[in-house]
Amino acid sequence: MTVLSIVLQVMLGIGFLLFGYQKFTSEAMKKGFEYFGYSDHFRIFTGLFEILSAVVLIAGIWLPSLAIAGGLMIAATMAGAVFTHLKMKDPVKNMALPLVLLVLGLVAAAVNWMLLA
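No experiment lies behind these values; they were computed from the predicted model shown. (Residues numbered from 1 in each chain as written. Predicted model: local features only at pLDDT ≥ 70, side-chain atom pairs only at ≥ 80, totals over all residues. Heavy atoms only, no water.)

S.K.: Explanation requested: helix H5 (residues 96-116) in the structure shown.
M.R.: Helical geometry: 3.6 residues make up each α-helical turn, so side chains three or four residues apart lie on a common side. Between the first and last C-alpha of H5 there are 31 Å, a value that for 21 residues agrees with the 30 Å anticipated at 1.5 Å per step. Of all the positions in H5, only Pro98, Leu101, Leu102, Gly105, Ala108, Ala109 and Asn112 are classed as buried. Axial view of H5: buried residues confined to an arc of 125°, hence all on one face. On its buried face, H5 sits against helix H1 (3-25), helix H3 (40-59) and helix H4 (64-87). (Helix = DSSP H or I, 4+ residues; strand = E, 2+ residues; numbered from the N terminus. Expected span 1.5 Å × (residues − 1). Buried < 20%, exposed > 50% of the residue type's maximum accessible area, 1.4 Å probe, protein only. Arc of directions from axis to C-beta. Contact = heavy atoms within 4.5 Å.)

Written out as structure tokens, the structure is:
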């Protein structure tokens with residue numbers, strides 16, 4: 001396990017713990033999901049999935065196969081976010097963070113995949 005991989009997993013993990021938590025507590029998140037046409041159930045599911053992704057990714061520090069799964073979970077979540085922004089015809093600047101996080105999730109998965117090979 002490389003130090004860079006551990007740092008990436010911890011940073012993404014902490015970030016997605018916070019992102020997931022915000023889905024439950026932030027009025028702006030509630031309004032954002034309404035704007036995108038998504039239900040409260042989907043907002044709650046997304047928050048739980050982001051928290052689960054973070055836990056799996058952080059646990060992957062000790063079990064690289066979990067880091068692969070966690071990285072792919074994050075990438076899938078962010079692919080959904082990018083798709084949503086495209087569907088809404090939002091400006092590219094609104095897609096920048098989800099795109100970066102998608103790539104970082106894939107990097108975390110790929111690095112750990114190479115460690116297992």
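S.K.: How should the pattern of salt bridges be read in this particular structure?
M.R.: Pairing between side chains of opposite charge can happen when their charged atoms approach one another. One pass over the structure, following the stated rule, counts two salt bridges. Measuring nitrogen to oxygen at the nearest pair gives 3.0 Å for the salt bridge that ties Lys23 to Glu50. Remark: Glu50 occurs in helix H3 and Lys23 occurs in helix H1; sequence separation between them is 27 residues. In this structure Glu50 comes out as buried when scored by relative accessible area, which is 3%. Between Arg43 and Asp40 there is a salt bridge, with the nearest N and O atoms lying 3.1 Å from each other. You can see Arg43 and its partner Asp40 sitting in helix H3, three residues apart, about one turn around the helix. What makes Asp40 partly exposed here is its relative accessible area of 41%. (Salt bridge = Lys/Arg side-chain N within 4 Å of Asp/Glu carboxyl O.)

That's the geometry; what it means functionally is another story.
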